[in-house]
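So you can see what is in the structure, the chains are spelled out below.
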Amino acid sequence: MSERRHPHVVNVDEVPETERAKGERYGFRRRQLGAAAGGQQIGCSWMEIPPGKRAWPAHWHGANEEAIYVLSGRGRARIGDAEVELRPGDWVALPKGPGCAHQTINDGDEPLRYLCVSTMIEPEVGVYTDSGKVGVFVGAAPGHDPAARTLTAYARLADGVDYWDGEDTD
């Protein structure tokens, strides 16, 4: 379909795919459906994690709630101190705060595909539980264009660090 039906309606096939990877451990493909449809306060990304990869370092949000709906494949979700198996049809609620630190892991043999839905509140603070980092995001909520942000900073205590600093990516 070459002509859009309405500016607030998109099909997953119409949304550009981005791919992100770091080392041996992290990698995903993503289509930002919410942003493409003009969403302002609710974001949604179609996500695909290849076998053996994780989408993001384990983290929790200070402002935004997320949810995951598994479309296909199998994997695990780290939620707080628990690890939970994921399969198609699962809905995972991830309220803000340290009790729902989370990470999605594909330990299966096929791609793990899911929708990740989130509120789009900014400023946002993310805490990375495995590495002890804190990220601060001002000007555009996670899921919006990072170029629109007026501040993105990662720190551990008083030291500035890179996003991947302290993460085991191999």
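Along every chain, residues carry numbers that run from 1 in the direction the sequence is written. In keeping with the model being predicted, local features are shown solely for residues with a pLDDT of at least 70 and side-chain atom pairs are shown and tallied solely at 80 or more, while totals for entire chains, interfaces and linings include all residues. With hydrogens and water set aside, each side-chain value is computed from the structure's full complement of heavy atoms.

K.L.:
Sorry if this is basic, but what is going on with the overall build of the protein chain here?
P.N.:
Only runs of H or I of at least four residues qualify as helices and only runs of E of at least two qualify as strands under DSSP, and these elements are numbered from the N terminus. Each helix and strand counted, the protein chain has one helix and 14 strands in total. Throughout, radius of gyration means the C-alpha value; the globule benchmark is 2.2 Å times the number of residues raised to the power 0.38. Radius of gyration (C-alpha) of the protein chain: 16 Å, near the 15 Å computed for a compact globule of 170 residues. Seen through its principal axes, the protein chain has C-alpha atoms that stretch 50 × 40 × 30 Å. The buried share among the 170 residues of the protein chain stands at 40%. Contacts are residue-level and defined by heavy atoms, with any inter-residue pair within 4.5 Å sufficient. Contacts spanning at least 24 positions in sequence make up 59% of the contacts within the protein chain whose residues lie at least 6 apart. Total accessible area computed for the protein chain in this model is approximately 9200 Å², and 51% of it derives from carbon and sulfur atoms. Charge assignment in this entry is limited to Lys and Arg as positive and Asp and Glu as negative, and neither His nor the chain termini are counted. To locate a charge, the coordinates of NZ of Lys, CZ of Arg, CG of Asp or CD of Glu are taken. In the protein chain, 19 side chains carry a positive charge and 26 a negative one; their mean positions are 1 Å apart. Think of it in three bands: with a 1.4 Å probe and only protein chains considered, a residue is buried below 20% of the maximum accessible area for its type, exposed above 50%, and partly exposed in between. We get accessible surface area from the Shrake-Rupley algorithm with a probe of 1.4 Å; when it comes to residues, only the shown protein chains can shield them.

K.L.:
Sorry, what's going on with the pairing of strand S5 (residues 66-72) here?
P.N.:
Regular strands show a simple pattern: their side chains alternate between the two faces of the sheet. Sheet topology places S5 next to strand S8 (residues 91-94); four bridges connect them, and they run antiparallel. Opposite Glu-66, over in S8, you have Leu-94 as the bridge partner. At least two bridges found by DSSP between two strands are what make those strands a pair. Relative to strand S10 (residues 112-119), S5 runs antiparallel, the two sharing six bridges. The residue bridging Glu-66 from the neighbouring strand is Ser-118, located in S10.

K.L.:
Sorry if this is basic, but what is going on with the side chain of Glu-48 here?
P.N.:
Here Glu-48 lies in strand S3 (residues 42-49). Given the relative accessible area of 7%, Glu-48 is considered buried. Within 3.5 Å is the distance limit for a polar contact, defined as a pair of N or O atoms, with the added protein rule that one can donate a hydrogen and the other accept it, and that residues adjacent in sequence qualify only through two side-chain atoms. A polar atom in the side chain of Glu-48 sits 2.5 Å from the side chain of Arg-113. Here Glu-48 is in contact with Phe-28, Arg-29, Pro-111, Leu-112 and Arg-113, once residues within four sequence places are set aside.

K.L.:
Quick question: what am I supposed to make of the packing of aromatic side chains here?
P.N.:
Two aromatic rings are characterised by how far apart their centres lie and by the angle between their planes. Pairing of aromatic side chains requires ring centres within 6.5 Å, counting the rings of Phe and Tyr and the six-membered ring of Trp. Pairs whose planes differ by under 30 degrees are stacked, by over 60 edge-to-face, and all others tilted. Within this structure, the stated rule accounts for seven aromatic pairs. Three or more aromatic residues joined by ring pairs form one cluster here, namely Tyr-26, Tyr-128, Phe-137, Tyr-154, Tyr-163 and Trp-164. In our convention, an over-ring charge means Lys NZ or Arg CZ found within 6 Å of a ring centre and within 35 degrees of that ring's normal. Lying across the ring of Tyr-163, Lys-133 places its NZ or CZ 6.0 Å from the centre.

K.L.:
Just checking my understanding: could you explain the state of the cysteines for this structure?
P.N.:
As used in these notes, a disulfide is a covalent bond between sulfur atoms, one from each of two cysteines. Two cysteine sulfur atoms make up a disulfide if the distance between them is within 2.5 Å. Applying the stated criterion across every chain yields a total of zero disulfides. Free of any disulfide, Cys-100 has its nearest neighbouring cysteine sulfur in Cys-116, separated by 13 Å. Cys-116 carries a free sulfur, and the closest cysteine sulfur to it, the one in Cys-44, is 7.7 Å from it. Judged by relative accessible area, which is 16%, Cys-116 ranks as buried.

K.L.:
Looking at this structure, I do not really get the pattern of salt bridges. What am I missing?
P.N.:
When the charged atoms of two side chains with opposite charge come close together, those side chains can pair. The salt bridge definition used is simple: a Lys or Arg side-chain nitrogen within 4 Å of an Asp or Glu carboxyl oxygen. Taken as a whole and assessed by the stated rule, the structure comprises nine salt bridges. Between Glu-17 and Arg-31 there is a salt bridge, with the nearest N and O atoms lying 3.2 Å from each other. Separated by 14 residues along the polypeptide, Glu-17 in the segment before strand S1 (18-22) and Arg-31 in strand S2 (residues 26-32) bring together distant segments of the chain. Assessed through its relative accessible area of 32%, Glu-17 is described here as partly exposed. Through salt bridges with shared partners, one network takes in Glu-17, Arg-29, Arg-31, Glu-48 and Arg-113.

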